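Examination of the molecular architecture
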Amino acid sequence: MVIDAFQSMRRDDEVSRALASGTIEWDAGVAPRLTQRLNDAAQSRTKALQERFDRDLQHAQGSPAAVTHALLSLRGGLARTAVLLGSAKGLPQEVTAALVKYVRDSADAMQSSLVDSARDDRTGRVRVILRDTPVNKF
């Protein structure tokens, strides 16, 4: 199923093709269940991206290059998620807009949290990296 592939982040090319060309009979029985399933998948995917970012940061050991790479990877994953959700042709525009808004709001919250955490950095390097590599600018 396309939603499972989307959630797993393993076959984004196939998911993109399916979402761009698919059609859905949007009726009262299908709409709420499908919308909820897509919302759950978007949340799961966003959480998995955050967890991968946390692991990447632990492995970075303070290296500015590794921290930047982790931020770029997170931003790329969030951007891909938003693009995939926004490209679903068979869904009503208000559904895709709400899903993309969820991803963007999540990115904004992550950026805000990272900036708040960087306030404890006395050197200022982390703040500069976050300013130059925001996860919510896509």
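Scroll up a little and you will see the structure.
No experiment lies behind these values; they were computed from the predicted model shown. (Residues numbered from 1 in each chain as written. Predicted model: local features only at pLDDT ≥ 70, side-chain atom pairs only at ≥ 80, totals over all residues. Heavy atoms only, no water.)

**Thoughts on empty space enclosed by the protein**
Under the defined criterion, the tally for this structure stands at one cavity of 30 Å³ or more. Approximately 30 Å³ is the volume attributed to the largest cavity. Broken down by element, the residue count for the lining of the largest cavity peaks at three residues, all from helix H1 (residues 2-8). (1 Å grid on protein atoms, 1.4 Å probe; cavity = no way out; pocket = protein on both sides within 12 Å on 5 of 7 lines; lining within 4 Å. Points joined across faces, edges and corners; volume = space filled by probe spheres on them. Helix = DSSP H or I, 4+ residues; strand = E, 2+ residues; numbered from the N terminus.)

**Section: the packing of helix H3 (residues 31-60) against helix H5 (residues 93-118)**
Packed helices, taken two at a time, are described by the angle their axes make and the gap between the axes. Interaxial distance between H3 and H5 falls to 11 Å at its minimum, and their mutual angle equals 25 degrees. Classed by the angle they form, the pair H3 and H5 counts as roughly parallel. Note on packing geometry: the crossing formed by H3 with H5 is right-handed. Residue-level inspection shows Thr 35, Leu 38, Asn 39, Ala 42, Gln 43, Thr 46, Gln 50 and Phe 53 of H3 in contact with H5, the latter providing Val 95, Leu 99, Tyr 102, Val 103, Ser 106, Met 110 and Leu 114. The class makeup of the residues in the contact of H3 with H5 is nine nonpolar, six polar and no charged. (Axes fitted to C-alpha atoms, helices over the stretch in contact; angles between N-to-C directions. Parallel < 35°, antiparallel > 145°, perpendicular 65-115°, else oblique. Left-handed = near helix turned anticlockwise from the far one by under 90°. Contact = heavy atoms within 4.5 Å. Nonpolar A, V, L, I, M, F, W, Y, C, P; charged D, E, K, R; others polar.)

**Describing unusual backbone geometry**
Positive phi outside glycine occurs at Met 9, with the angle close to 60 degrees. You can call Met 9 partly exposed: its relative accessible area is 23%. With a phi close to 50 degrees, Gln 61 is a non-glycine residue in the positive phi region. If you trace the backbone, Gln 61 turns up in the loop between H3 and helix H4 (64-86). (Buried < 20%, exposed > 50% of the residue type's maximum accessible area, 1.4 Å probe, protein only.)

**Some words on the layout of surface pockets**
What the largest pocket holds in volume is close to 220 Å³. Lining of the largest pocket is provided by 14 residues; of these, Val 2, Ile 3, Leu 19, Ile 24 and Leu 34 occupy positions nearest its centre. The dominant element in the lining of the largest pocket, judged by the number of residues it contributes, is H3, at three residues. Residue composition of the lining of the largest pocket, by class: 10 nonpolar, three polar and one charged.

**Some words on H5**
Here H5 contains 26 residues, and its C-alpha end-to-end distance of 37 Å stays within 8% of the 38 Å for a straight helix at 1.5 Å per residue. Turning to H5, its buried residues number three or more, namely Val 95, Thr 96, Leu 99, Val 100, Val 103, Ser 106, Ala 107, Met 110, Gln 111, Leu 114 and Ala 118. At its buried positions, H5 is contacted by H3, H4 and helix H6 (125-132). (Expected span 1.5 Å × (residues − 1).)

**A look at the nonpolar core**
For soluble globular proteins, nonpolar side chains are generally found buried alongside one another. The biggest cluster of nonpolar side chains holds 33 residues, and the ones touching the most others in it are Leu 71, Leu 74, Leu 78 and Leu 85. Of all the elements in the fold, those that place two or more residues in this core are H1, helix H2 (12-21), H3, H4, H5 and H6. Dropping the residues within four chain positions of it, Leu 78 is found in contact with Thr 46, Leu 49, Val 103, Ala 107, Met 110, Val 135 and Phe 138. (Core = buried A, V, L, I, M, F, W, Y, C linked by side-chain atoms within 4.5 Å.)

Interpretation in functional terms is not warranted from these geometric data alone.
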